[in-house]
Number of protein chains: 2
Amino acid sequence: MGPEEFRAAGHELIDWIADYRARIPELPVQAQVVPGEVAGKLPANAPEEAEPFSRLLADLDSIVVPGVTQVQHPRYFGWFPANATLSSALGDLASAGIGALGITWQSAPALTEVEEVVVEWLRELTGLPGSWQGVIQDTASTACLVALLVARERATGYSEVRGGLQAESAPLTVYTTEHAHSSVRKAVALAGFGRDNLRLVGVDPETYAMRPDALAKALEEDVKAGRRPAAVVVSAGTTGTTAVDPLAEIVPLAQRYGMWVHIDAAMAGSALLLPEMRWLVDGVEGADSLNWNPHKWLGTLGDCSLLYVADPAHLIRVMSTNPSYLRSAVDGEVTQYKDWGIPLGRRFRALKLWFQLRLDGVEAIRARLRRDLDNARWLAGQVEAAPGWRVLAPVVLQTVVLRHEPAGLRHEPDGLNAHTLAWADAVNTSGAALVTPSLLDGVWSVRVSIGAENTERSDVEQLWRLLQHAAEAAEAG
Amino acid sequence: MGPEEFRAAGHELIDWIADYRARIPELPVQAQVVPGEVAGKLPANAPEEAEPFSRLLADLDSIVVPGVTQVQHPRYFGWFPANATLSSALGDLASAGIGALGITWQSAPALTEVEEVVVEWLRELTGLPGSWQGVIQDTASTACLVALLVARERATGYSEVRGGLQAESAPLTVYTTEHAHSSVRKAVALAGFGRDNLRLVGVDPETYAMRPDALAKALEEDVKAGRRPAAVVVSAGTTGTTAVDPLAEIVPLAQRYGMWVHIDAAMAGSALLLPEMRWLVDGVEGADSLNWNPHKWLGTLGDCSLLYVADPAHLIRVMSTNPSYLRSAVDGEVTQYKDWGIPLGRRFRALKLWFQLRLDGVEAIRARLRRDLDNARWLAGQVEAAPGWRVLAPVVLQTVVLRHEPAGLRHEPDGLNAHTLAWADAVNTSGAALVTPSLLDGVWSVRVSIGAENTERSDVEQLWRLLQHAAEAAEAG
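Cut-offs used in this document
- Residues numbered from 1 in each chain as written.
- Chains lettered and ligands numbered in written order.
- Predicted model: local features only at pLDDT ≥ 70, side-chain atom pairs only at ≥ 80, totals over all residues.
- Heavy atoms only, no water.
- Least-squares fit on C-alpha atoms with pLDDT ≥ 70 in both.
- Contact = heavy atoms within 4.5 Å.
- Buried area = accessible area lost by both parts, 1.4 Å probe.
- Salt bridge = Lys/Arg side-chain N within 4 Å of Asp/Glu carboxyl O.
- Polar contact = N/O pair within 3.5 Å; in protein donor to acceptor, adjacent residues only side chain to side chain.
- Helix = DSSP H or I, 4+ residues; strand = E, 2+ residues; numbered from the N terminus.
- Buried < 20%, exposed > 50% of the residue type's maximum accessible area, 1.4 Å probe, protein only.
- Pairing = 2+ DSSP bridges.
- Right-handed = clockwise from strand over helix to strand, strands pointing away.
- Expected span 1.5 Å × (residues − 1).
- Axes fitted to C-alpha atoms, helices over the stretch in contact; angles between N-to-C directions.
- Parallel < 35°, antiparallel > 145°, perpendicular 65-115°, else oblique.
- Nonpolar A, V, L, I, M, F, W, Y, C, P; charged D, E, K, R; others polar.
- Left-handed = near helix turned anticlockwise from the far one by under 90°.
- pLDDT = per-residue confidence, 0-100.
- Arc of directions from axis to C-beta.

1. As for the relation of the copies chain A and chain B
For the pair chain A and chain B, the superposition axis carries a translation of 0.0 Å, the fit reaches an RMSD of 0.0 Å, and the rotation angle comes to 180°. Between the two chains, the operation in question is that of a two-fold axis. Residue Gln166 of chain A of chain A places its C-alpha closer to the rotation axis than any other residue of that unit, at 2.2 Å. Same-surface contact between copies: 100% of interface residues of chain A are shared with the interface of chain B.

2. Some words on the interface of chain A and chain B
Residue-level contacts link 156 residues of chain A with 156 residues of chain B. Across the chain A to chain B interface the summed buried area is about 12900 Å²; carbon plus sulfur atoms make up 63%. If you sort the residues of chain A by the area they bury against chain B, Gln166, Tyr325 and Arg358 of chain A come out on top, with a joint share of 7%. One salt bridge connects Arg7 of chain A with Asp19 of chain B, and the closest N-O pair in it is separated by 2.7 Å. Along the contact surface separating chain A from chain B lie 82 residue pairs in polar contact (both at pLDDT 80 or more). Counting residues per element, the side of chain A that touches chain B draws most heavily on helix α1 (residues 3–23) of chain A, which supplies 16 residues.

3. Side note on the pairing of strand β2 (residues 172–177) of chain B
Residue and element names in this part refer to chain B. Counted residue by residue, β2 has 6 buried out of 6 residues, so it is predominantly covered. Side-chain alternation along β2 places Leu172, Val174 and Thr176 on one buried face and Thr173, Tyr175 and Thr177 on a second face that is also buried. Sheet analysis places β2 next to strand β4 (residues 228–235), joined by 4 bridges and oriented parallel. Bridge assignment links Leu172 to a residue of β4, and that residue is Arg228. Handedness of the crossover is the feature at issue here: the chain leaves β2, passes through helix α7 (residues 182–190), returns alongside strand β3 (residues 198–201), and the resulting connection is right-handed.

4. Examining helix α6 (residues 140–155) of chain B
Think of an α-helix as 3.6 residues a turn; residues three or four steps apart then line up on the same face. Residues and elements named next belong to chain B. Helix length check: α6 (16 residues) gives 22 Å between terminal C-alpha atoms against 22 Å at 1.5 Å per residue, within 8%. Counting buried positions along α6 gives 14 out of 16 residues, so the element sits mostly inside the fold. Positive phi shows up at Gly157, right after α6, with a value of about 60°.

5. Topic: the packing of helix α4 (residues 86–98) of chain A against helix α1 (residues 3–23) of chain B
Running from N to C, α4 of chain A and α1 of chain B point in directions that differ by 10°, and their axes come no closer than 10 Å. Here α1 of chain B runs roughly parallel to α4 of chain A, going by the angle between their axes. Contact residues: α4 of chain A offers Leu86, Leu90, Leu93, Ala94, Ala96, Gly97 and Ile98 of chain A, while α1 of chain B offers Pro3, Phe6, Ala9, Gly10, Leu13, Ile14, Trp16, Ile17, Tyr20 and Arg21 of chain B. Per-class residue counts for the contact of α4 of chain A with α1 of chain B are 14 nonpolar, 2 polar and 1 charged.

6. Concerning the pattern of salt bridges
Per the stated rule, a full pass over the model turns up 60 salt bridges over all chains. Measuring nitrogen to oxygen at the nearest pair gives 3.0 Å for the salt bridge that ties Arg347 of chain B to Asp92 of chain A. Within this pair, whereas Arg347 of chain B is found in the loop between α10 (312–319) and α11 (350–360), its partner Asp92 of chain A is found in helix α4, the two belonging to separate chains. In this structure, Arg347 of chain B and Asp92 of chain A share a single accessibility class: buried. A salt bridge links Arg358 of chain A to Glu51 of chain B; the shortest N-O distance between them is 2.7 Å. In this pair, Arg358 of chain A is assigned in helix α11 (residues 350–360) and Glu51 of chain B in the loop between α2 (37–40) and α3 (53–64), connecting two distinct chains. Using a relative accessible area of 5% as the deciding quantity, one classes Arg358 of chain A as buried. In this structure, a network of salt bridges that share partners links the residues Glu4 and Arg7 of chain A together with Asp15 and Asp19 of chain B.

7. Side note on the packing of helix α13 (residues 413–430) of chain A against helix α14 (residues 457–476) of chain A
All names here are of chain A. It is the contact of α13 with α14, at a shortest axis distance of 9 Å, that shows an interaxial angle of 130°. Relative to α14, the element α13 is oriented oblique. Every pair of crossing elements has a handedness; the one defined by α13 and α14 is right-handed. Between α13 and α14, the contacting residues are His419, Ala422, Trp423 and Val427 on the first element and Leu466, Leu467, Ala470, Ala471, Ala474 and Glu475 on the second. Split into classes, the residues belonging to the contact of α13 with α14 amount to 8 nonpolar, 1 polar and 1 charged.

8. Some points on the confidence of the model for chain A
Per-chain confidence: chain A averages 97 in pLDDT, with 100% of residues scoring 70 or above. Taken together, the chains of this predicted complex give a pTM of 0.98 and an interface ipTM of 0.97.

9. Some thoughts on α14 of chain A
All names here are of chain A. Helix length check: α14, at 20 residues, gives a terminal C-alpha distance of 29 Å against a target of 28 Å (1.5 Å per residue), a fit within 8%. Listed as buried for α14 are Asp459, Val460, Leu463, Trp464, Leu467, Ala470 and Ala471. Along the axis of α14, the buried positions cluster into a sector of 145°, meaning they face one direction only. Residues His469 and Ala476 are exposed on α14 and point more than 90 degrees away from its buried face. Close packing links the buried residues of α14 with α12 (362–385), β8 (389–391), β9 (399–404), α13 and β11 (443–449).

Printed below as a string of C-alpha cells:
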C-alpha cells in the first residue's frame, strides 16, 4: 500500500474511529458473543488477492465491535480502568506512521531520548526520588518479572554468568501477600525461585495490607533455616481491594536482610500525580523499583507500563547484550534501552505519553483523577447507608468492593455466593454496566472500579440504581 | 480529547504520515543527530495546560523525523528489514481506536479469536505442521525466553510448583552456536540456567551452521558428567550470515536426550511463505517450538512476533494464572492468551496482521519476497565478480555478507578492519544508504540486508556503486 492509498483509507478510518467513540455509550458494555462466534465469521484462509478497504471497515462494524467488551464505555466499572485516550491514540498513530526500529540508540535516537524525557516528566509528576530512572515496559507482569530477575541476580552475586540458580546452595525466598497480583506468583515461578519459596505474608483483616510483624517473623524463620531472602513485592493498591502495604515499615526489614524491594503500583501509580495521594508510597526512597501502568487509569493507550529503578546498573548488568552488529561509536554516551528489559526491539511507545500529556495537559488529567476519587467516595457512602449493603474494604482509591447481604443469607455463604453472582451476572449480561465479581476472604464480592475516562457522577448514580434493582430482583428470585 | 477534536487532528496526522512516507527517499537514511540532541530540544517538565495539535506536528517534523534512522527508506540495508507497511499501520490504528482490554477472552472475545484465526492463516501459509498452534508475542527475545522457560520446566518435571531450579540436582544444559542471536544467551541467563551451562556447539567453517557431530559429542560429554540436556536452540537464519542449522539432523539427537527444540526463524520465517524456501525448516515436525517475526521482512508493523508450539499444554502449564476476578463461565471453552506468555494484558495486535494480509493480499507479498531474494543473488554475483571483493558466507536469504580486501591489506587484519570500518562508516554517514558492520571469524565484515518494502533493483545497483566508491576512496585514503 502506497502513501496515497493510505491517505484515502486513513481518512476513512479516522472518521470511523471518531464515530465509533461517539456511539460507545449506546453499545452494550459487555460483549454479547459466545465462544467461537467471532472466529466463525472469518474465512479459513488468508486472501491471495487484495481486498478493498471498505470490506475491512464493514468487518470492524459487524464482527469486531460486537466482539469486544466496551472498556471505554462510561459505565464500564470492571477489572481496572483501561483507558485509551484519543490523545494517546494519536501518538500511537504517529509511531506507526514513522515505523522506527527501536533496537539501539543508533537505530532511532529520538525513540530513546523522547522516552528518557517523558519518563523523567512522569517521575517528577509522581514525586518519585530525583535519582530514579525509568523505562517503558509492556505490562506490570513483565515489569515484576524483570524486577525479580534482577533481585535474584543481585542476591546471588550474579549467578547468571556462572552456574546459574542451580549452583546456588541456600534457597532464595520472596515475600508478598495473598492479595498481591497473580503476576507476582507467576514471576516467582518463571524466575525459577519455585513456589515453595514464595511466602504469602499475613495481612491485616480489616485493610488487607501486609503485616510488618508477620513479615519480620517469616524473615527470621527463613534466615534461621538457612534460606536467603531475595525480594519483597509490596502492593501499593492490590487488585482485589486496592489495599496498600505499609512500605515505610517494610523497607527497614528489607534493608536489614539485603532484600530487593519492588513496589507494584500498577493501578495506584496514576494517583501519585495527586500530591495528596503520595502517602501511598511513603518510604519509596528506600525501595529498589516501582512499576505503574499509565495504560490503566491515567489513560495512555496500552501497552504502556513504567518501571522505575533506584539504580539502573543492576538492571543493565542482568539484561545487557552486546553483539558486534549493534555496536556504535557512541555506546558509552547513550542509553540503550535494550539493556533495560527482556525484548531487544521496542516500539516508539514514548510518543503515546508525549502526545497525551501535551494534548490533554496535566491539570486536566489531575482533575479527572480527583473526579473519580470523589465518585468512589460518593458510591461508598451510598452503599454504606443502604440497608442490606456493605462496603467490604477501605476505599483508598477509586475501587469500591461491596456486597448485598439480605438478612436471610447473611450467615449462609453458599446462598450468599449464589445471590452475589446472580445479580452481578444480571447487571453484566444486561449490557447496561459492567462490574467484576471477585473472591474476598473466600466469599464472592463485587468490585466496582471507577475511572473510565468518560464516567461522570451521573453514570455512577445510574450504576448504583442498577445494582440495587438487580440485587432486589435476584432476592425476589 | 473528544471524538470531534480527534477527528480533526487525526485527519491532519494521516496527511502528515502520507506526506512523510512519500518523502522518505529524500531523507538521509542514518539519523544525523548526536547524543543528547533530541532530548535537548524538549522541555524539562510536562505541560500543565493542553497544547495545540499543530505544535505536536511541528515537533514531529523538526525533532522526531531527523532523530530516527529511516528504516523505511529504499536504501536501508542495515541490521534486518524492519518494514512497517501502511496496511498494517491501519490495522494498528484500528486497534488504538477500539482501545480493547486484552486480559481474558471475556474482556475482548474478538481480540482473542481474530488472533487465533490470523495466526492459523500464517501457520498454513508457512507450511508448519497442522497440529501446531501459535500466539503473538512482542519480540523474538521474549519468545525465546518463553520457550526456554517451558523447556526448563518440562526438563525438571515442572519444578516451578515445588522448590524451583535450586532444588534440582543435575545441572540443566542448553545448546546453540556462537552465531545464534544474542537473545539466546540472554534467555539462558534470565531463565536461570547460568552461562556455564550454555554450550556453543561448533559450526561448519564455510556455512556457519551447527555441526550435528559436534552437538552429539557435547551431549554425550554432558550426560556422562551427570548433566541434563534441556533444550537446543536451532537458528534458521542467523543474524550475522543467515546460516541455517541442519534441523533435520538435530531433531533425532534432541529426541534421544528428551530436549526441547526451539527454532529461531525470526528473520527467515517470512521466507516460509515461499514453498521453494521451506527447506529452511526441514525436520520441523520433530521440533517443539518455532518463532518468527512478521515485523521484519514480511512488513507487519512492530511489535509482532509469532511463537508456534507443537503442544500448547506445556506453555499453559508454565504460564497460567487464575485469579478469581478473571474467571468466567466459558473458561474451559476458549483460548486464554494470558496463559501463553509473560504479560497478562495484550494489545489487539492481530488487527495489524489481519489488515495487512487482506489489504495487500498474499500473492503480492510473495512477489515482494522473491524480488528481494533475486536482488540479493544479483548483488552477490556482482561482488563475487569484482576484483578485491569477497562474499563471505552463503547467500541463503536476502542478506549478503561482504568485504573489500585490497591486495595490500589481505593479510593484515588490523589494517583490513580499519579499512572496512572506514568505508562502511563513509557510506552510513553520507546518508545515502545504510549497511551494518559485523564481526565474522573475528574480522570486520559488512552485512547488506535487502528487504525494505520499497527497495527495488535500482536501489541495490545504486548501493553497489556507493560501496565501490567508498571502498576506493578509503583505499586511496
